There are 2 protein chains.
Amino acid sequence: MRRVRYSVAMSLDGYIAGPNGEYDWIPMDPDIDFGALFKQFDTRLMGRKSWDEAQRVVAENPGAVMEMPTYVFSRTLRQADCPGAILSNDAVKTVAELKALQGKDIWLWGGGELFQSLLEARLVDAVELAIVPVLLGKGIPMLPALGKRLTLELEQHRLYRKTGTVLVRYTL
Amino acid sequence: MRRVRYSVAMSLDGYIAGPNGEYDWIPMDPDIDFGALFKQFDTRLMGRKSWDEAQRVVAENPGAVMEMPTYVFSRTLRQADCPGAILSNDAVKTVAELKALQGKDIWLWGGGELFQSLLEARLVDAVELAIVPVLLGKGIPMLPALGKRLTLELEQHRLYRKTGTVLVRYTL
């Protein structure tokens, strides 16, 4: 079955973005093959704040974000607010349905709150962190909270020496 | 000059202990040579909460904590509260003095608040994380806050396959 993978860059102190969604602390390591990474997925999942941030990035850098069918989860947005994306107000139901379809893996793009909801519904299969050697001191946590501890298993591991980024993939 | 190294175990979501100081999520990987690690240090630094936790561990497991000259930083404790340790109410001054002395490296044992104070005073030389594949969901953060971003350099890196623990050492 296709997997839902929470694949994000994370600072050493556990943030996936700065307090205002900043991602300028993430180095573009020349040895990371982003094209190959994108090819592993055919669907992207975003919470409302991640969607807002993605829209801002696209507005500022036309063509920066590779196109991929995208689901946005929000109880306040309307479909008209999400041009080019599919809006859902029920992440658990929609993601369970998506997992049952044929396809490539599903990219849980962020943020931490959506990760928490899907984790608690046991819909996340892997956590992939590109651990970046920076201390942000504040920002958006990779996981804001969780009702009970979860132990994961290491599946993959690679060091990118040029930027000191450590890539780790864990399964649940 | 001897270095101050913040050497701690950290959960994937950035905590160095559970909400009540729990450390039972840290696996004892048989391939990690704790004896060799301890031998690299001759001085240990603790904030007040870490000291309380260390005292509890010693009370429950006599002999569990290897002896090492220990400095406790607190503005509320009295020296009589810290049997076998040296109390200071000025971490920056005391640690600067310790670094100027001859000796082995200095173990910044925890917690995050003491790390923050010493980091802001530019007294920390290395951050060493044993990243443990567990999501705690809540607890004591490795770094509660920081005024400005800090970029680090990867110095050392090792995977412990039996427990999936990734050890990384960064310099400041």
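First, a word on what this report is: a plain description of the structure on this page. In this text, all values refer to a predicted model and were calculated from it rather than measured experimentally.

## So, the sheet that holds strand β7 (residues 126-132) of chain A
Residue and element names in this part refer to chain A.
- Sheet architecture is open: eight strands sit in the order β5-β4-β3-β6-β1-β7-β12-β11, paired in mixed fashion. Two strands close off the open sheet at either side, each with one partner strand: β5 (86-88) and β11 (153-160). On average, adjacent strands in this sheet sit at an angle of 20° to one another, irrespective of strand direction.
- As paired strands, β11 and strand β12 (residues 165-171) are joined by seven bridges and run antiparallel to one another.

## Here we look at the environment of Ser7(A)
- Relative to the helices and strands, Ser7(A) resides in strand β1 (residues 4-11).
- When the C-alpha atoms of Ser7(A) and Tyr170(A) are compared, they prove to be 10 Å apart, with 163 residues separating the residues in sequence.

## What about helix α2 (residues 48-60) of chain A?
- Between its first and last C-alpha atoms α2(A) spans 19 Å; for 13 residues at 1.5 Å apiece the expected length is 18 Å, and the two agree.
- Taken together, the buried residues of α2(A) touch β3 (41-47), β4 (70-73) and β6 (105-110) of chain A.

## Some words on the packing of helix α3 (residues 91-100) of chain B against helix α4 (residues 112-120) of chain B
Residue and element names in this part refer to chain B.
- It is the contact of α3 with α4, at a shortest axis distance of 10 Å, that shows an interaxial angle of 70°. As the angle between them shows, α3 and α4 are arranged roughly perpendicular. Note on packing geometry: the crossing formed by α3 with α4 is right-handed. Across the interface between the two elements, Ala91, Val92 and Val95 of α3 pack against Leu114, Ser117 and Leu118 of α4.
- Considered class by class, the residues forming the contact of α3 with α4 number five nonpolar, one polar and no charged.

## Remarks on the relation of the copies chain B and chain A
- Expressed as a screw transformation, the operator carrying chain B onto chain A has a rotation angle of 180° and an axial translation of 0.0 Å, and the superposed copies differ by an RMSD of 0.0 Å. Taken together, the rotation angle and the small translation identify this as a two-fold axis. Within chain B, Gly14(B) has its C-alpha nearest the rotation axis, a separation of 2.4 Å.
- In this assembly the copies share their binding face: 100% of the residues contributing to the interface of chain B also contribute to that of chain A.

Rules and cut-offs
- Every chain's residues receive numbers from 1 upward, in the order its sequence appears when written.
- All chains are assigned letters beginning with A, and all ligands numbers beginning with 1, in the order in which they are written.
- The model is predicted, so local features are restricted to residues of pLDDT at least 70 and side-chain atom pairs to those at 80 or more, both for listing and for counting; the totals for chains, interfaces and linings are taken over all residues.
- We treat two strands as partners when DSSP finds at least two bridges between them.
- Elements are defined by DSSP. Helices are runs of H or I of four residues or more, strands are runs of E of two residues or more, and each kind is numbered from the N terminus.
- Axis lines are fitted to C-alpha atoms, over the contacting stretch for helices. Their N-to-C directions set the angle, which ranges from 0 to 180 degrees.
- What a helix should span is 1.5 Å times the count of its residues minus one.
- Our contact criterion uses C-beta atoms placed from the backbone: two residues qualify when those atoms are within 7 Å.
- Note on terminology: angles under 35 degrees are roughly parallel, angles over 145 are roughly antiparallel, angles of 65 to 115 are roughly perpendicular, and the others are oblique.
- Should the near helix be turned anticlockwise from the far one by less than a right angle, the crossing is left-handed, and should it be turned clockwise, the crossing is right-handed.
- Nonpolar residues are Ala, Val, Leu, Ile, Met, Phe, Trp, Tyr, Cys and Pro. Charged residues are Asp, Glu, Lys and Arg, and all others, Gly as well, are polar.
- Only residues with pLDDT of at least 70 in both copies contribute their C-alpha atoms to the least-squares superposition of the copies.

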